[in-house]
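# An overview of the molecular structure
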Amino acid sequence: MTKQHPYDIKIISAPETFPVRHPVLRPGKPIETCNFDGDNLETTFHLGIYNNNQLLGVVSYFKSSTNLLSEALQYQLRGMAVLDTFQGKGLGNLLVAYGDTLLKEKKIQVVWCNAREVAKTFYKKNNFKVIGEPFNISDIGLHYVMYKSLK
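For clarity, every value in this text was computed on a predicted model and none was experimentally measured. (Residues numbered from 1 in each chain as written. Predicted model: local features only at pLDDT ≥ 70, side-chain atom pairs only at ≥ 80, totals over all residues. Heavy atoms only, no water.)

Taken together, the 7 strands give an open sheet; going across it, the order is β1-β2-β3-β4-β5-β7-β6, and neighbouring strands pair in mixed fashion. Single-partner strands in this sheet number two, and they are β1 (8-12) and β6 (129-137). Across the sheet, the mean angle from the axis of one strand to that of its neighbour is 25 degrees, orientation sign disregarded. Here 6 bridges tie β6 to strand β7 (residues 141-149), and the two strands are oriented antiparallel to one another. Note that in β7 the partner of I131 across the bridge is V145. Packing against the sheet, helix α1 (residues 14-25) makes contact with β1, β2 (45-51), β3 (54-62), β4 (74-82) and β5 (110-116), and its axis sits at approximately 100 degrees to β3. Against the sheet, helix α2 (residues 91-105) touches β1, β2, β3, β4, β5 and β7, its axis set at about 140 degrees to β2. (Pairing = 2+ DSSP bridges. Helix = DSSP H or I, 4+ residues; strand = E, 2+ residues; numbered from the N terminus. Axes fitted to C-alpha atoms, helices over the stretch in contact; angles between N-to-C directions. Contact = heavy atoms within 4.5 Å.)

In structure tokens form, the structure reads like this:
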């Protein structure tokens, strides 16, 4: 497969996501808040997108199910973040597409996420659909459960 962009996407460790997670998802909060439950499980994987060895964006995938979906093989997308100066350039789309490919290789049936209200349009453009009712996460705001079938 020939890539049509100047970026490299690779699997990275959980701590390697922190320099992007922190300013985008946890600004003003302690760096420790970037450590998510399940970050270091064998079933979890993290992707980083680079340009000239500079990390620009990250996403993490956790083997986790929501009871809003019936599929047995589910993964949760979490910690999607692209540094502010690189947002709107399609990097998030590239990360999601790469993640979808890896999940399909694992025979995962569906991927879902808790999308912030500001990110809902991004996920819709990446073929995610809203399911269930919106909910509030304290100190962060309104979220929607969104999912995409990988079958």
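Our next topic: the pattern of salt bridges. For the structure on display, the rule yields 3 salt bridges. Here D39 ties to R21 by a salt bridge, and the two come within 2.8 Å at their closest N and O atoms. With D39 in the loop between α1 and β2 and R21 in helix α1, this pair connects stretches of sequence that are 18 residues apart. R21 carries the same exposure label as D39, and that label is buried. One salt bridge in this structure joins K151 and E71, with 3.6 Å as the shortest N-O distance. Of the two residues, K151 sits in the segment after β7 while E71 sits in the loop between β3 and β4, which places them 80 residues apart along the sequence. Of the residues examined, K151 reaches a relative accessible area of 70% and is grouped as exposed. Look at E71 and you get buried, because its relative accessible area is 19%. (Salt bridge = Lys/Arg side-chain N within 4 Å of Asp/Glu carboxyl O. Buried < 20%, exposed > 50% of the residue type's maximum accessible area, 1.4 Å probe, protein only.)

Turning our eyes to something else, we now look at the UniProt feature "domain: N-acetyltransferase" (unreviewed entry) in the chain. Under the present numbering, the feature "domain: N-acetyltransferase" (unreviewed entry) in UniProt falls on residues 4-151. As annotated, residues 4-151 has a helix share of 22% and a strand share of 37%, and its two end C-alpha atoms lie 25 Å apart. (UniProt positions renumbered as here; feature names shortened; annotations may be inferred.)

Among the secondary structure elements, Y98 is positioned in helix α2. According to the relative accessible area criterion, Y98 is partly exposed, its value standing at 32%. Between the C-alpha atoms of Y98 and D84, which are 14 residues apart in sequence, the distance is 21 Å. Those residues in contact with Y98, other than ones at most four positions away along the chain, are I9 and L47.

As a further point, take the packing of aromatic side chains. Applying the stated criterion across every chain yields a total of 4 aromatic pairs. When the ring of F45 is compared with that of Y75, the centres are 6.0 Å apart and the planes differ by 45 degrees; the resulting orientation is tilted. Of the two residues, F45 is situated in strand β2 and Y75 in strand β4; the sequence distance between them amounts to 30 residues. Classification of F45 as buried rests on a relative accessible area of 7%. Residue Y75 is classed as buried on the basis of its relative accessible area, which comes to 4%. For the pair Y123 and F128, a centre-to-centre distance of 5.2 Å together with 70 degrees between the ring planes defines the contact as edge-to-face. Owing to a relative accessible area of 6%, Y123 belongs among the buried residues under this scheme. Look at F128 and you get buried, because its relative accessible area is 4%. Through a chain of ring-to-ring contacts, three or more aromatic side chains come together here, namely F45, Y61 and Y75. (Phe/Tyr/Trp six-rings, centres within 6.5 Å; stacked < 30°, edge-to-face > 60°.)

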